[in-house]
Structure formats: C-alpha cells, structure tokens
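Remarks on the overall topology
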Amino acid sequence: MQDERLIKDPKQALKIVNQLLNLNESLQEEVDKYKYDDLTGLELRKDHNEKLKHMFKIFTKYNDNFSYALLDIDGLHDVNRNEDYQMGDVYIKTVVSDLKTHFPNFNIYRIGGDEFAIIKNGASGEELENGLSKINNITYGINCINKDTTCKTWEDVLKITDRVVIERKAKKKRRSRDRDFLTQNELIKEAISLVNKHKKLNDKLIDEKTNPDDLESINKQIQNTPTGKKLTMLNTE
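Summarised in this report is the structure supplied together with it. (Residues numbered from 1 in each chain as written. Predicted model: local features only at pLDDT ≥ 70, side-chain atom pairs only at ≥ 80, totals over all residues. Heavy atoms only, no water.)

1. Comments concerning the pattern of salt bridges
Selection criterion: Basic side-chain nitrogens of Lys or Arg form a salt bridge, by our definition, when they fall within 4 Å of a carboxyl oxygen of Asp or Glu. Using a 1.4 Å probe on the protein chains alone, a residue whose accessible area is under 20% of its type maximum counts as buried, one over 50% counts as exposed, and one in between counts as partly exposed. Helical segments are the DSSP runs of H or I of at least four residues, strand segments are the runs of E of at least two, and each set is numbered from the N terminus.
Tallied over the full model, the rule gives 9 salt bridges. The closest approach of N and O atoms between E43 and K35, which form a salt bridge, is 2.9 Å. Residue class for K35 comes out partly exposed when judged on its relative accessible area of 22%. In this structure, the salt-bridge partner of D74 is K172, at a minimum N-O distance of 2.7 Å. One end of the pair, D74, is in the loop between strand 1 (66-73) and helix 4 (76-82); the other, K172, is in helix 7 (residues 154-207), with 98 residues separating them in the sequence. Among the ionic contacts, a cluster of salt bridges with common partners joins D72, D74, K169 and K172.

2. A closer look at helix 3 (residues 45-62)
Rule in force here: Expected span of a helix: the number of residues minus one, times 1.5 Å.
The first and last C-alpha atoms of helix 3 sit 25 Å apart over 18 residues, in line with the 26 Å expected at 1.5 Å per residue. Immediately beyond the C-terminal end of helix 3, within one or two residues, lies N63, with a positive phi of roughly 60°.

3. Regarding the packing of aromatic side chains
Stated precisely, the cut-off is as follows: Each Phe, Tyr or Trp ring (for Trp, its six-membered ring) is paired with any other whose centre lies within 6.5 Å, and the angle between the two planes then decides the class: stacked below 30 degrees, edge-to-face above 60, tilted in between. When the NZ atom of lysine or the CZ atom of arginine is within 6 Å of a ring's centre and also within 35 degrees of its normal, the charge is said to sit over that ring.
Taken as a whole and judged by the stated rule, the model has 2 aromatic pairs. Judged by centre distance (5.8 Å) and plane angle (50°), the rings of F56 and F59 are tilted. Residue F56 and its partner F59 are located together in helix 3, separated by 3 residues, close to a single helical turn. On the basis of relative accessibility, which here comes to 6%, the residue F56 falls in the buried class. A ring pair is formed by F103 and F106, whose centres lie 5.0 Å apart and whose planes are at 70°; its orientation type is edge-to-face. The ring of F106 has K120 lying over it, and the distance from NZ or CZ to the ring centre is 5.7 Å. Above the face of the Y140 ring, R168 is positioned so that its terminal group lies 5.3 Å from the ring centre.

4. Examining helix 6 (residues 125-132)
What counts here: Here the arc refers to the directions that run from the helix axis out to each C-beta atom. Two residues form a contact once any of their heavy atoms are found within 4.5 Å.
If you check which residues of helix 6 are buried, you get G125, L128, G131 and L132. Burial along helix 6 is one-sided: seen end-on, the buried residues are contained in an arc of 135°. Those residues of helix 6 that are buried lie in contact with strand 1, helix 5 (85-102), strand 3 (115-121) and strand 4 (138-145).

5. Topic: the side chain of S67
The line we're drawing: Whenever a nitrogen or oxygen atom comes within 3.5 Å of another N or O atom, the pair is scored as a polar contact, on the condition that within protein one atom can donate a hydrogen and the other can accept it, and that pairs from neighbouring residues in sequence are kept only if both atoms are in side chains.
Inspection of the secondary structure assignment puts S67 in strand 1. Within polar-contact distance, the side chain of S67 engages the backbone oxygen of A123 at 2.5 Å. The contacts of S67, once residues within four sequence positions are left out, are I118, I119, K120, A123, S124, G125, L128, N143 and C144.

Structural data, given as structure tokens:
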C-alpha cells in the first residue's frame, strides 16, 4: 500500500528521487576521495593495478600490444627536507602538468609519493620516449608489451620496468658523485697552485722588506680570487 501511495503522489515521489540523487552524489564524493589523488587529480595505485591487469589480460588473449612507463621525480625528498612540503607539492604539480601536456590521451597514475605510471593501448616505445625525454627532473623506464616481451604476468611488467628505473637512478647518482669528485680534485689542484704562488710571493715580498700592512692587503686580494673563494668555501664546509 505504501508503494502505491508513493507512486500516486508525484510530489512525494519527486522528493524521494531527489533524496536518492543527493545520497548517490554523497556516495560518489566518498568514492572519489579514495579514487583520485587530492594533489594531482590522478587515479591511484588500486586503479593502476586493475588497469595493468586488464591490459595484460587483453594482450595475452588477443595479442593487443600496449606500452607502459614508470617514473620517479628526482630530488623530491631533498626539496621537502631543505625547503618545505609546500614547495614539494609545487614541484610534484609541475611535473604532473608536464605529463598531462605530453600525454593527453594516456592513462596516468600516481602510485606513490614520487612515483607515477603511464599506460596506453597501442602506443609505441618511441612515443613514450619522446614525451618523457622532454620532462625535466624525472627518471623513467619504458616497457613495450608485444610479441617480444619476456613478461609472463602483469606483475612482471611492473617489476621489470621498476628495475630499469632503479638502475637509471643508481647511474645518475654515480655520475653525480663522479662530477663532485672531479670538481673537488680540480679545486685541490687550483688550491695547491694558489698556495705555491702565494708562498713565493710572500717570500719575495719579505725578502724585499715589504710593509706588513701591504702584505695583508696582498693576502686579501689573493683570497678574493675565484680559487681563493672556492678554497675558503671548502675549508668552511
């Protein structure tokens, strides 16, 4: 009887429909809180995993190729530590903006604090490489899933691509250490040369009985040379 009365009363029916719509909207908002990243608006790891599983299933069944990329933002932890988390958020949003610009029709996910993934059916490795190579401050790996792939499961796709990222990050760190080492060696050589010149000049001025005030002035001039400044900075670190 209650259902019949509701159907016969248009106002009451409309009221119930509106309540249901409001409830549905509230539920959707709750779902979106867990589906999308607040900072970037990207889908998260759960949806990423489901998409990757689906793409690999389609590949194994129909040989439908797809390309996959993982990337890390370089130096995010340093920005958070040395600046603040607000600057870190700006850094993240800048990189994500570049990703959206270069990959407008791709599925992009935030799967960790500084980790992101890209998936696209039918995309080539060159297409991903061309876009990713234009974005600053990232380290990435690309995996093309086709007839030549060695991946047996969707987890293999993730693991193998992640391994590429890890190896590239390690290589970047080695290059950075090598640059620091070379810079320090060059500075040491310059410093030795400067000290020798300084000593010879001092000995000569002392032999010539130069005024001590003049010696102090000359010492300051030497310290203000580029190498002298570098040496002072090295001694204070």
